[in-house]
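As a plain string of letters, each chain reads:
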Amino acid sequence: MAPLLEAKNLRKVYTKGTGFLSKRSENVALDNFSLSIGDETPVFIAIAGESGSGKTTLAQMLLGFTKPTSGQILYRGQNIQQMDTQQQKAFRNEVQAVFQDPFAVYNPFYKVDHILETPIRKFNLASSPAEAETKILEALSAVGLRPEDTLGRYPHQLSGGQRQRITVARTLLMRPKLVIADEPVSMVDASLRATILESMYKVHKEFGISFLYITHDLTTAYQVSNSIVILYRGIIAEAGDVEEVIKNPQHPYTQELVGSIPLPNPGSQWMDDGPGTEAVENTMHKVTVGCKYATRCPHVMDRCRQTMPPLYQMSAGRTAACYLYDQSPELMREQLADVLYAQTETE
Ligand code: ADP
Ligand code: MG
C-alpha cells in the first residue's frame with residue numbers, strides 16, 4: 001500500500017533577479033530531501049535545524065502550499081500537484097498544519113466556540129449539535145483545557161499557551177493522520193512550551209496521529225520526539241533515534257550543535273531557545289559542490305570540498321552525511337524512513 005505521505009528528492013531553489021537588468025542569484029533552500037510517512041504506525045519525528053535551514057520551505061511543500069523546484073510529494077501514491085477536488089479534500093482532512101502563530105489567521109471577533117465549530121460544520125464531523133458539543137469537549141480535554149476557561153471567550157482573552165492548545169484541539173477534531181507543526185511553540189512563553197508539546201504527544205499516543213515537529217530547538221525535539229532529522233542549509237546532515245543523535249552525535253555539525261547546548265535531561269527544566277537561532281538567517285545557500293559544512297568543519301578533508309557526501313548508515317537507526325563514515329554502507333535517501341522507524345517499532 002502507498003504511504004500516507006511521501007517526499008521524493010525534494011529540491012527548492014528560490015531565484016532572485018531576472019538575469020537581464022539585475023544579477024540573477026539562486027538560493028537552494030532545500031535539496032535532496034526524501035521521507036515517507038506510513039499509514040499504520042504513528043510516528044513523532046522532529047525536523048530540526050537553525051533558522052534558514054529550509055524547515056518552513058519543507059513544511060510548505062509537504063502541505064502543498066509551495067511547489068518544489070524538482071521532486072515530488074505523493075499523498076497515498078498521488079502527486080499532490082495533480083489531485084482532483086475529491087483527493088484534495090481528503091488530503092486537507094488527513095494532513096493538517098499547526099503554525100507558529102495560528103491565531104494570526106483567525107478572525108479576532110470570533111469566539112473560541114466558533115473556531116472549534118467551523119471544522120465540524122465544514123467537514124461534517126457531527127450529525128447533531130449534541131454530538132458536536134461532545135466532540136468539542138473531548139478535544140478540549142485531550143489537550144488539557146477546561147471548557148469553562150475557554151468557551152465563550154475571544155482569542156485575545158486567552159494566553160498564548162491556551163491559544164496554541166486550542167489549535168491542537170481544533171486539529172484533533174478533524175482526526176487527521178498526520179500533523180505538520182512548524183515551530184508550534186516558538187512564539188509562546190518558554191514556561192508553557194512543555195505543556196503544549198506534551199498535549200501534542202498525548203494526542204499522538206492516544207489517537208494514533210503522526211507528527212512532524214519542526215523546530216530550531218534541539219531541547220524540545222529531544223524531549224518530545226522519537227526520531228530526529230537534522231537539517232543543515234537545506235541538506236540532511238544526520239538522522240535517527242533522537243536519544244542516539246543527541247547523546248552521541250556523529251555528524252560534526254550535530255556535534256557542534258549539541259556541544260553548544262546543555263545536555264537535556266528528561267524531566268529537567270526546558271531550555272530556552274536552541275542554538276544558532278539567527279545565525280544563518282538570510283544566508284543565501286548558493287549552488288555549491290561538496291559538503292555545505294566543509295567551511296566550518298574541524299574534520300574537513302579534500303573530498304568534502306569536491307563532492308557532497310551521501311548518507312551513510314552506521315546502524316539500523318542511524319545515518320549521517322559525512323565522509324568520516326564512508327566505511328558504512330550508503331543509504332538510499334528513499335530509505336530514510338526505515339532508519340527513522342527502526343527504533344519507533346521496538347519501543
Ligand atoms: P527555516 O524555516 O528553517 O528558517 P526557510 O525555509 O524559511 O528556513 O528558509 C530557507 C532559505 O530559503 C532561507 O535562505 C530563506 O531566506 C529562503 N527563503 C524562504 N522563503 C523564501 C521566499 N519565499 N523567497 C525567497 N527565498 C526564501
Ligand atoms: Mg521557519
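Structure first, text after, so check above.
Keep in mind the model is a prediction, meaning the values are calculated, not measured. (Residues numbered from 1 in each chain as written. Chains lettered and ligands numbered in written order. Predicted model: local features only at pLDDT ≥ 70, side-chain atom pairs only at ≥ 80, totals over all residues. Heavy atoms only, no water.)

**Some points on the overall build of the chain**
If you tally the helices and strands in the chain, you get 12 helices and 13 strands. Within the span of the chain, comprising 347 residues, buried residues form 52% of the whole. Taken as a whole, the chain presents about 15900 Å² of accessible surface, with 50% of it coming from carbon and sulfur. (Helix = DSSP H or I, 4+ residues; strand = E, 2+ residues; numbered from the N terminus. Buried < 20%, exposed > 50% of the residue type's maximum accessible area, 1.4 Å probe, protein only. Areas by Shrake-Rupley, 256 points an atom, 1.4 Å probe, with all protein chains shown as cover.)

**Observations concerning the side chain of Thr66**
Inspection of the secondary structure puts Thr66 in the loop between helix H1 (55-62) and strand E4 (70-75). Apart from residues no more than four positions distant in its own chain, Thr66 is found in contact with Lys12, Tyr14, Gln60, Met61 and Gln81. (Contact = heavy atoms within 4.5 Å.)

**Structural notes on unusual backbone geometry**
The backbone of Asn32 shows a phi angle near 55°, a positive value even though the residue is not glycine. Locating Asn32 in the fold gives a position in strand E2 (residues 25-37). Among the residues examined, Asn32 registers a relative accessible area of 30% and is labelled partly exposed. Despite not being glycine, Arg175 has its phi angle at roughly 45°, a positive value. Mapped onto the elements, Arg175 comes out in the loop between helix H6 (160-173) and strand E7 (178-182). The exposure class assigned to Arg175 is partly exposed, which follows from its relative accessible area of 43%.

**Thoughts on the site of ligand 1**
The local shell around ligand 1 holds 13 residues, among which Asn27, Gly52, Lys55, Thr56 and Thr57 are the closest. Within the contact set of ligand 1, an oxygen atom lies 3.1 Å away from a backbone nitrogen or oxygen of Ser53. At a separation of 3.1 Å, an oxygen atom of ligand 1 approaches a polar backbone atom of Gly54. Here ligand 1, which alone exposes 560 Å², has 66% of that area covered by the protein. Every element with two or more residues in the shell around ligand 1 is listed here: E2 and H1. Considering every element that reaches the shell around ligand 1, the biggest residue donor is H1, with 3 residues. Considering only residue class, the shell around ligand 1 consists of 2 nonpolar, 9 polar and 2 charged. (Near = heavy atom within 4 Å. Polar contact = N/O pair within 3.5 Å; in protein donor to acceptor, adjacent residues only side chain to side chain. Nonpolar A, V, L, I, M, F, W, Y, C, P; charged D, E, K, R; others polar.)

**Focus on the sheet that holds E2**
Taken in spatial order, the 4 strands line up as E2-E1-E4-E5 in an open sheet, and their pairing is antiparallel. At either margin of the open sheet sits one strand with a lone partner, and together these are E2 and strand E5 (78-79). The pairing of E4 with E5 spans 2 bridges and is antiparallel. Bridge pairing in E5 places Leu74 opposite Asn79. Contacts from H1 reach strand E1 (5-16), E2 and E4 within the one sheet, and its direction differs from that of E1 by about 125°. (Pairing = 2+ DSSP bridges. Axes fitted to C-alpha atoms, helices over the stretch in contact; angles between N-to-C directions.)

**Some thoughts on the packing of helix H3 (residues 112-122) against helix H4 (residues 129-142)**
It is at 10 Å that the axes of H3 and H4 come closest, and there the two elements cross at 125°. Considering their axes alone, H3 and H4 lie oblique with respect to each other. Seen along the crossing, H3 lies across H4 with a hand that is right-handed. For the pair H3 and H4, the contacting residues are Leu116, Glu117 and Ile120 in the first and Ala132, Lys135, Ile136 and Leu140 in the second. When its residues are assigned to classes, the contact of H3 with H4 shows 5 nonpolar, no polar and 2 charged. (Parallel < 35°, antiparallel > 145°, perpendicular 65-115°, else oblique. Left-handed = near helix turned anticlockwise from the far one by under 90°.)

**Comments concerning the layout of surface pockets**
By volume, the largest pocket is sized at about 500 Å³. Considering the residues around the largest pocket, the lining is formed by 23 residues, among which Gln96, Ala97, Tyr106, Arg170 and Met174 are closest to the centre. Of all the elements in the fold, those that place two or more residues in the lining of the largest pocket are strand E6 (95-98), H3 and H6. The element best represented in the lining of the largest pocket is H3, accounting for 5 residues. The residue inventory of the lining of the largest pocket, partitioned by class, reads 14 nonpolar, 6 polar and 3 charged. (1 Å grid on protein atoms, 1.4 Å probe; cavity = no way out; pocket = protein on both sides within 12 Å on 5 of 7 lines; lining within 4 Å. Points joined across faces, edges and corners; volume = space filled by probe spheres on them.)

**Some remarks on the packing of H6 against helix H7 (residues 190-207)**
It is the contact of H6 with H7, at a shortest axis distance of 9 Å, that shows an interaxial angle of 10°. For the element pair H6 / H7, the angle class is roughly parallel. Two secondary-structure elements touch here, H6 through Gly161, Gln164, Arg165, Val168 and Leu172 and H7 through Leu192, Thr195, Ile196, Ser199, Met200, Val203 and Phe207. A class-by-class count of the residues in the contact of H6 with H7 yields 7 nonpolar, 4 polar and 1 charged.

**Remarks on H3**
Looking at H3, one finds that the buried residues are Val112, Ile115, Leu116, Pro119 and Ile120. Burial along H3 is one-sided: seen end-on, the buried residues are contained in an arc of 135°. Projecting away from the buried face of H3 at angles above 90 degrees are the exposed residues Arg121 and Lys122. Considering only its buried residues, H3 is in contact with H4, helix H5 (147-150) and H6. Just downstream of H3 lies Asn124, where phi reads positive at about 55°. (Arc of directions from axis to C-beta.)

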